[in-house]
Amino acid sequence: METFNKLTSMLLQALETREPTVDLLESFVDHWKSVTNYYIVTTDDNRPVKQTDIPWHLKQMLDILIYEEKQQGVEQTGPCIEYLLQHKLLETLCTLGKAQYPPGMVQQVLVFFTKLLAQMQKCLLELVSVYRPVQKLIRLCALPGSKTEKEEAQFLLAVCSRVKQHPHTLRYVLEIQELPGSKTLVSDQSQACTEASDHTKGIKQQTPSGQSESSSSNPVQSDFGLLLALMQLTKSQRASVSLKAHESLLLLCSLESESSGEILCNQTQLGELLAGRLQELYSMLPVEGLDPGEVRSWPQTAWSSQFSSPEPKSTSPASDHMTHFFSWLDFLDQLMREAPQVLALKLSQCVHQLWLLESVQPQLQHTCEPVVLVSISLLCAIVRLVQSSSLLNQLVHFLLRTHPLTKLLLQRCDHISDQISMASLCLVEELLQKPHRDILDILVLNFLQGRSYLSSSATGVEERPPESNETNYDSDDLEEDPFFSDSLMSSDSQLLPPPFSLSSSSSTPPSPTGLGSAADIVNSFLCLVPVQVRSAQLLQEGGYESYVHDAHTLVTECQSLSQSWDWPLSLPPAPSSSSHEVDDFFEGHLLKVLFDRLGRMLEQPYELNLQLTAVLSRLSAFNHPLLQEYLLNPYIHLSHYSRSLFSVLIRLMGELMQRIQLISNLTDRLLNARRHLLGLDQNTGLEHLTLFRGIIVLEEFCKELAAIAFVKVPLEQQ
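Quick notes on the rules
In this numbering scheme, every chain counts its residues from 1 along its sequence in written order. With the structure being a predicted model, the display of local features is reserved for residues of pLDDT at least 70 and the display and counting of side-chain atom pairs for 80 or more, all residues being used for whole-chain, interface and lining totals. Only heavy atoms go into the side-chain values, all of them from the structure, while hydrogens and water stay out. For helices the rule is a DSSP run of H or I covering at least 4 residues; for strands it is a run of E covering at least 2, with both sets numbered from the N terminus onward. Burial classes: relative accessible area under 20% of the type maximum marks a residue as buried, over 50% as exposed, and values in between as partly exposed (1.4 Å probe, protein chains only). Throughout, a residue-residue contact means that at least one pair of heavy atoms, one from each residue, lies within 4.5 Å. Contacts described as polar in this section are N or O atom pairs within 3.5 Å, which, within protein, must combine one atom able to donate a hydrogen with one able to accept it, while residues neighboring in sequence count only if both atoms come from side chains. In this analysis the probe radius is 1.4 Å and the grid spacing 1 Å, with only protein atoms considered; a cavity is a set of points the probe fits into but cannot get out of, a pocket is an open set with protein on both sides within 12 Å along at least five of seven lines, and lining residues have an atom within 4 Å of a point. Grid points are joined across faces, edges and corners, and a volume is the space filled by probe spheres set on the points. In this classification, Asp, Glu, Lys and Arg are treated as charged, Ala, Val, Leu, Ile, Met, Phe, Trp, Tyr, Cys and Pro as nonpolar, and every other residue, Gly included, as polar. One speaks of a salt bridge when a side-chain nitrogen belonging to Lys or Arg is within 4 Å of a carboxyl oxygen belonging to Asp or Glu. In this analysis an axis means a line fitted to C-alpha atoms, helices contributing only their contacting stretch, and an angle means the value between N-to-C directions, from 0 to 180 degrees. Each angle gets one of four labels, with under 35 degrees taken as roughly parallel, over 145 as roughly antiparallel, 65 to 115 as roughly perpendicular, and the rest as oblique. What makes a crossing left-handed is the near helix being turned counterclockwise from the far one by less than a right angle; a clockwise turn instead makes it right-handed. Only a pair of cysteine sulfur atoms within 2.5 Å counts as a disulfide in this structure description.

Undergrad: Quick rundown of the environment of S129? Include the residues and the values.
TA: Tracing the chain through its elements places S129 in helix α7 (residues 128-138). Relative accessible area serves as the criterion here: at 17%, S129 is assigned to the buried category. The spacing of S129 and E91 is 38 residues in sequence and 7.6 Å in space, taken between C-alpha atoms. Discounting chain neighbours no more than four positions away, the residues touching S129 are L85 and L90. Side-chain polar atoms of S129 contact the backbone oxygen of L85, separated by 3.4 Å.

Have a look at this one:
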């Protein structure tokens, strides 16, 4: 028995080591002949392919090819794959699939191609006998009324995955002809290039309106190809199909090869297709049916999250449109982050031209207030959600470098409609939170560079001339008002409640140059609000520690944002008295509108005041010497017709003192207003409610500025 077992083992070993090539090839050919024989002997044209043996024979052929490659290795070409290539089996299969004979054959062909590309390790797409039928099969995808979207999406994903692994094959799957004299990559590539050139000869490249067609010397892309098919499948109602189409586009656009990025950039209409889809989704947003507040606060959600839910959520049509738009925007944003720089630039430029200029700008310039409000609210959310630097560059260029539009947007911060004003201020705040140096330069810093807001005696011992402004101020000097006496503006460190208390060494009188110490600056803002209208301490809420904590968070955020902007550490030279003009200072459109609205804080809605002070606090938190001086230093000597944040607040306090003279039970009524804001009192019939809320916001704002100064000034003195 033992001898018999040894003999059996030897026979099995001999069979395993015998060269299996002949048997594999014979089996492969037999399966293929079984497929072709069906078309010879069958008489039933309506019999579905799934009721035939064709799917089984195709699966056996695929298994043989995969097994052969494992046995032969990737570097060698086995006889079965040679047979498939030489006899153009893929071409035949593609033709049968296109003819849909037997019915459903295209589905089987798609599955065969998908598994062949996905499971074979050899780079097949560079072979003409492979990529030509692949091109033809791509043209059968995403056709109207298709019932094989699932298989089409899987096939296209397999194609893009192989291109991701072998970027040099991108040109072939896109049907872009080779330039004359280009080097081939495999032995039969010369023939492949010739055939590809013949195939695409005479086909015109799609061009957007206003652009000329490609010259005869440029490579040409087929009108019906991979990109159009993928774009069409992204619109599929089947989540799995749409998801695979999105993933395929990401694979193509994230190719590491710079030449691949140039191909997609210069020789395809990818940018126009992607931006056109964004424009299409934007045009579908129902302006009348959108809530501006909901739009501005649209959450940050990944584009793929729309495919993660097994069942669609029951939402309104307006919300559905919003979801589709912001999902596509997030997809483009991720695509530009992963794409080569040259491609990301082209895509963002297409977005600028086709969407921002052609769709968004007309809405912003519209005379209908609901249209303007929704368009600004959309921009608020868009600016907040965008993360790619290339797309952010285009948004900044669109909003801040288009002069008529920039001026219009800033003027709308002081619009007759409070809702439009608040949305515009929200847009400014969102811009100030983006990592783009030009935003602050264009909005503020360019106007402060010359320091022409200083009086000619700023470096001497003369007193600052009385403040004056043609539209907002009279010629009275507020420093002479009884309320703004020296005792209230004292720099005594005892006025600083913990944790604002600073060391005694920093509590010194203002210097002749007008630069106060840290304690002076903090005290100046804390003492601005009259004692009669301070109400926070009455409810024992809003301790100073919370203000310092919030200020530290804000300052840290702004410093982190501007860390790479190479800002100067010291102020530029002050203008000399000989060359200085006392009336040539303009604070810029943004600061002008902010100061104008700040001067009307006592008569504006509560929510608008909160948004206004949020913008001013963020500006004050940036660690630029000019912002530090102009917004946080109360002791600078201002020239005629110039104003600073502190001087506007002083004027506002003077108006406040006049208004409260005629109000009885001021403390109790102010306390009730604060309780109402906190939800502790439901009484809405309070008189002077707008005034009281303005006072409350003003008190909070001064504490915020004091806390920001407390956090920033010691840092800058180190």
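Still more ground to cover, so stick around.
Undergrad: How would you explain empty space enclosed by the protein if you had to name every residue and give the values?
TA: Inspection of every chain in the model, using the stated rule, returns 6 cavities of 30 Å³ or more. The volume enclosed by the largest cavity comes to roughly 90 Å³. Of all the secondary structure elements, the ones that give two or more residues to the lining of the largest cavity are α19 (389-400), α20 (403-411) and α21 (418-432). In terms of residue count, the dominant contributor to the lining of the largest cavity is α21 (4 residues). Residue classes in the lining of the largest cavity are distributed as 9 nonpolar, 2 polar and no charged.

Undergrad: Help me get a handle on the pattern of salt bridges, residues and values and all.
TA: Throughout the structure, instances matching the rule amount to 22 salt bridges. Linking E430 and R384 is a salt bridge whose minimum nitrogen-to-oxygen distance equals 3.8 Å. On the criterion of sequence distance, the pair formed by E430 in helix α21 and R384 in helix α18 (residues 369-385) is long-range, its members being 46 residues apart. With a relative accessible area of 26%, R384 lands in the partly exposed category. Between R618 and E557 there is a salt bridge, and its shortest N-O distance comes to 3.2 Å. With a gap of 61 residues between them, R618 in helix α26 (residues 606-621) and E557 in helix α24 (residues 544-562) connect regions that are remote in the sequence.

Undergrad: A description of the environment of L385 should follow, citing residues and the corresponding values.
TA: On the secondary structure map, L385 appears in helix α18. Under the relative-accessibility criterion, L385 is labelled buried at 8%. Expressed as a C-alpha distance, the spacing of L385 and W298, which sit 87 residues apart in the sequence, is 8.8 Å. Excluding residues within four positions of it along the chain, L385 makes contact with W298, P299, Q300, F326 and D333.

Undergrad: Any chance you could break down unusual backbone geometry for me, citing the residues and the numbers?
TA: In this structure, the amide linkage connecting Y101 to the following residue, P102, adopts the cis form with an omega of -5°. Within the secondary structure, P102 sits in the loop between α5 (89-99) and α6 (105-119). Even without a glycine there, the phi angle at E175 is positive, about 60°. One non-glycine residue, N665, lies in positive phi territory at about 50°. Structurally, the position occupied by N665 is in the loop between α28 (645-659) and α29 (666-677). Under the relative-accessibility criterion, N665 is labelled exposed at 54%.

Undergrad: I'd love a proper account of the packing of helix α8 (residues 149-165) against helix α11 (residues 226-233), names of residues and values included.
TA: Contact geometry for α8 and α11: axes closest at 11 Å, N-to-C directions at 135°. With respect to their mutual orientation, α8 and α11 come out oblique. With respect to the hand of their crossing, α8 and α11 are arranged in left-handed fashion. On the side of α8, the interface is formed by E149, E152, A153, L156 and C160, while α11 contributes L226, A229, L230 and L233. For the contact of α8 with α11, a count of residues per class yields 7 nonpolar, no polar and 2 charged.

Undergrad: How would you sum up the state of the cysteines? Please name residues and give values.
TA: According to the stated counting rule, one finds 0 disulfides in the structure shown. For C141, which is in no disulfide, the shortest distance to another cysteine sulfur is to C94 and amounts to 9.3 Å.

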